[in-house]
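Observations on the model geometry
What follows is each chain in one-letter form.
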Amino acid sequence: SQLAEENLWALSVHEGESVTVNCSYKTSITALQWYRQKSGEGPAQLILIRSNEREKRNGRLRATLDTSSQSSSLSITATRCEDTAVYFCATDAGGNYKPTFGKGTSLVVHP
Amino acid sequence: AQTIHQWPVAEIKAVGSPLSLGCTIKGKSSPNLYWYWQATGGTLQQLFYSITVGQVESVVQLNLSASRPKDDQFILSTEKLLLSHSGFYLCAWSSDWGGDAEQFFGPGTRLTVL
C-alpha cells in the first residue's frame, strides 16, 4: 500500500471558494511536501513542512502537519481557475530518504 | 538559473521497438537525478535515481534501464518496448538528498506504445 496518500480522488469548487486537500501517511517522516501538477506538465513544489513544524504558509496556500495522526492538509483560499491541477503529497515515510508521492487529488476550479 | 530539458516531447512507438529518452540539466553542477513514470491519471512512480556520474540505482523493475553519461545528462532506455510502458516520463533533479529535498521536474515526455 502507499506510504503516503491523499484522501480524496477528486474535488470540485467554484472560483473564490476555499478548498482543503488531505493526506495521510504511514510511519515517521522527516518532512512532507505538497506538489501541484497541471495537465501536461511536471509537478512543482508548493510547500515543504518539516516534522517539527505544525503549519506553513505560501500566499493563498496553507499546509498543516499533525504527526500524531500522521496526516497533513493543504488549504487553498480564494481559489482561481488556474489552481485546477492534481495535488500530491510526498513524504520520506518508510525511511526511503527520498520523497514518495501519493496518488494525488484532482482539483477542478470552475469559473 | 537552472533549467531542465527533456527530449523528445512525445513519442509513438511500436511494441518491441527500442526507446531512448533524454534529460539535461543546465546551471546546476552535480545534481541528484531521478526518472519517474506516471500512468494516465496515476501517481508518480520513481524508476531510477543517480547521485553521481556513472552511478544509477534502480527503484523498480519495469524492463527499463538508465544511464548517466555526463554530470548534466540522464538517459532512460529499453531495447524492447511493452504496451505497459505507455505513460508520462518525468525527469527531476534535486540539490539535496533526503526526504526534505525539493525535486524540480522537467516538462515530461509522453510515450504511447502501440
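The residue numbers shown here count from 1 along each chain, following its written sequence. Written order determines the labels here, with chains lettered from A and ligands numbered from 1. A pLDDT threshold of at least 70 governs which residues receive local features in this predicted model, and a stricter bar of 80 or more applies before side-chain atom pairs are shown or counted, although totals over entire chains, interfaces and linings include all residues. Only hydrogens and water are removed before side-chain values are computed, so all heavy atoms of the structure are retained for them.

Remarks on the interface of chain A and chain B
Two residues qualify as a contact provided that any one of their heavy atoms is within 4.5 Å of a heavy atom in the partner residue. Taken together, the contact pairs 21 residues of chain A with 21 residues of chain B. When two parts are brought into contact, each loses some accessible area as probed by a 1.4 Å sphere; the total of that loss over both is the buried area. Together, the buried faces of chain A and chain B total about 1,600 Å²; carbon and sulfur atoms form 54% of this surface. Counted as salt bridges are all cases of a side-chain nitrogen of Lys or Arg within 4 Å of a carboxyl oxygen of Asp or Glu. Counting the contacts that link chain A with chain B gives 1 salt bridge. For the salt bridge of Arg50(A) with Asp100(B), the shortest nitrogen-to-oxygen distance reads 2.4 Å. Only DSSP runs of H or I covering at least 4 residues are called helices, and only runs of E covering at least 2 are called strands; the numbering of each starts at the N terminus. Those elements that provide at least two residues to the side of chain A that touches chain B are strand 4 (31-37) and strand 5 (44-50) of chain A.

Focus on the confidence of the model for chain A
Here chain A averages 90 in pLDDT, and 88% of its residues register 70 or above. For every residue, the predictor assigns a confidence score, pLDDT, that lies between 0 and 100. When mean pLDDT is compared element by element in chain A, strand 7 (residues 61-66) of chain A scores highest at 98, while strand 1 (residues 4-6) of chain A scores lowest at 68.

Re unusual backbone geometry
In this structure, Pro8(B) follows Trp7(B) across a cis peptide bond, with omega equal to -10°. One can find Pro8(B) in the loop between strand 1 (3-7) and strand 2 (10-13). The phi torsion at Thr27(A) lies on the positive side, around 65°, for a residue other than glycine. Relative to the helices and strands, Thr27(A) resides in the loop between strand 3 (19-25) and strand 4. Assessed through its relative accessible area of 39%, Thr27(A) is described here as partly exposed. Here's how the labels work: a residue is buried when its accessible area is under 20% of the maximum for its type, exposed when over 50%, partly exposed in between, all with a 1.4 Å probe on protein chains only.

Let's talk about the confidence of the model for chain B
The predicted model of chain B has a mean per-residue pLDDT of 94, with 100% of residues at 70 or higher. Confidence scores differ between elements of chain B, with strand 6 (residues 55-58) of chain B showing the lowest mean pLDDT of 92 and strand 8 (residues 73-78) of chain B the highest of 98.

Concerning the pairing of strand 8 of chain B
All names here are of chain B. A large share of strand 8 lies buried, amounting to 5 of its 6 residues. We call two strands paired when DSSP finds no fewer than two bridges between them. Here strand 3 (residues 19-26) runs beside strand 8; their pairing, made up of 6 bridges, is antiparallel. Paired with Cys23 across the bridge in strand 8 is Phe74. Bridging between strand 7 (residues 65-70) and strand 8 involves 4 bridges; their strand directions are antiparallel. Looking at strand 8, one finds that Ala66 is bridged to Leu76. Between the end of strand 7 and the start of strand 8, which pair antiparallel, lie 2 residues.

Here we look at the pattern of salt bridges
On inspection of all chains with the given rule, the structure shows 8 salt bridges over all chains. Salt-bridge contacts for Arg57(A) lead to Glu55(A); the nearest nitrogen and oxygen are separated by 3.0 Å. By relative accessible area, Arg57(A) is classed as exposed at 59%. Between Asp71(B) and Arg68(B) there is a salt bridge, with the nearest N and O atoms lying 3.3 Å from each other. A relative accessible area of 26% places Asp71(B) in the partly exposed class. For Arg68(B), a relative accessible area of 2% corresponds to the buried category. Here the salt bridges do not stand alone but share partners, grouping Arg36(A), Arg60(A) and Asp83(A) into one network.

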